[in-house]
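Residue strings, one per chain:
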Amino acid sequence: DDLLMFIPYTEKVKEQKEEIKKILANYDKLSKHITVFAHLGVDGAVQGRWNHRLSDAYNLDDLGWNDNNVKSICLSHFHKRQTLLSNGHKEAYYMGDLTELNFNDIQEDGTGAPRGFEEIDTITGEHKLIDLTKEPYNIPTFNQIDLDYGSNLGLATLNPNNYYKITTKDQDTYDHLAKERESLKNASNIQLVLIPQQIETQLDIDPTSSDKE
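Residues numbered from 1 in each chain as written. Predicted model: local features only at pLDDT ≥ 70, side-chain atom pairs only at ≥ 80, totals over all residues. Heavy atoms only, no water.

**Structural notes on the nonpolar core**
Then, number 1: Among the nonpolar cores identified, the biggest contains 24 residues, and M5, I7, I34, V36, L63 and I73 are the most heavily contacted of them.
Then, number 2: Listed by contribution, the elements that provide at least two residues to this core are β1 (2–7), α1 (13–28), β2 (33–39), β3 (70–76) and β5 (90–94).
Then, number 3: If you tally residues by element for this core, the top one is α1, at 4 residues.
Then, number 4: Excluding residues that lie within four positions of it along the chain, M5 makes contacts with I20, I23, L24, Y27, I34, T35, V36 and F37.
Then, number 5: Counting residues in each nonpolar core, the second largest holds 10 residues, with L155, L158, I166 and L177 among its members. (Core = buried A, V, L, I, M, F, W, Y, C linked by side-chain atoms within 4.5 Å. Buried < 20%, exposed > 50% of the residue type's maximum accessible area, 1.4 Å probe, protein only. Helix = DSSP H or I, 4+ residues; strand = E, 2+ residues; numbered from the N terminus. Contact = heavy atoms within 4.5 Å.)

So this is what it looks like as structure tokens:
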């Protein structure tokens, strides 16, 4: 008694919305459990570190959220894993990526984001993430570490299966890490970045100056 509805990405938004409405109307007559899979930009979602076209072209009503037969709306397009709306087990959510792609796929603290696939109960809508970055799968993650002045980091302690971008504003710290990196047998997973500190200067403007001055 389950139906899976797959909605692809397209720039013909108006036509696709009309088609979705027709299909859901036909499904309603069947009284089935419907799971919607859509590769779309939905209004209210956070894009994350990637930019996307048509980022808010759809809303959840367009995808059948208010249809009693729709039990779950599983979304892709944005790489940030997030829930847009939930009601009991019924949920509209972005699942993120199957695997991490590059240094854009990191969390606010710089660590790799959860990645994997969803196990979905098509009757209730309940779902759970099978996280492939955890045991026993251990797929590589991308991580970014920002070092302050005087900070030290043992590169040999980093997980060799993951990728790391280490940034610092301190030349001495960068030189120390570069030398340590050379001593490692294989450090192809470690990227060092030196970001020179920008010194900001203020304009010499008197508080009594006019707008023209």
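Here the narrative resumes, following the displayed structure.
**Quick notes on the side chain of Q82**
Then, number 1: Relative to the assigned elements, Q82 resides in strand β4 (residues 82–87).
Then, number 2: The class of Q82 is buried, set by a relative accessible area of 13%.
Then, number 3: In this structure the side chain of Q82 is engaged in a polar contact, spanning 3.1 Å, whose partner is the backbone oxygen of K80.
Then, number 4: Setting aside anything within four residues of it in sequence, one finds Q82 in contact with A45, V46, Y93 and Y94. (Polar contact = N/O pair within 3.5 Å; in protein donor to acceptor, adjacent residues only side chain to side chain.)

**Things to note about the confidence of the model for the protein chain**
Then, number 1: For the protein chain, mean pLDDT is 89; residues scoring 70 or higher make up 93% of the total.
Then, number 2: Ranking the elements of the protein chain by mean pLDDT puts helix α2 (residues 171–183) last, at 92, and β5 first, at 97. (pLDDT = per-residue confidence, 0-100.)

**Considerations on the sheet that holds β5**
Then, number 1: Spatial strand order, β1-β2-β3-β5-β4: 5 strands in an open sheet with mixed pairing. Strands at the two margins of the open sheet, each flanked by one partner only, are β1 and β4. Across the sheet, the axes of successive neighbouring strands diverge by a mean angle of 10°, strand direction being ignored.
Then, number 2: Sheet analysis places β1 next to β2, joined by 6 bridges and oriented parallel. Looking at the pairing, F6 lines up with F37 of β2.
Then, number 3: The strands touched by α1 within the sheet are β1, β2 and β3, with β1 carrying the most contacts at an inclination of about 175°. (Pairing = 2+ DSSP bridges. Axes fitted to C-alpha atoms, helices over the stretch in contact; angles between N-to-C directions.)

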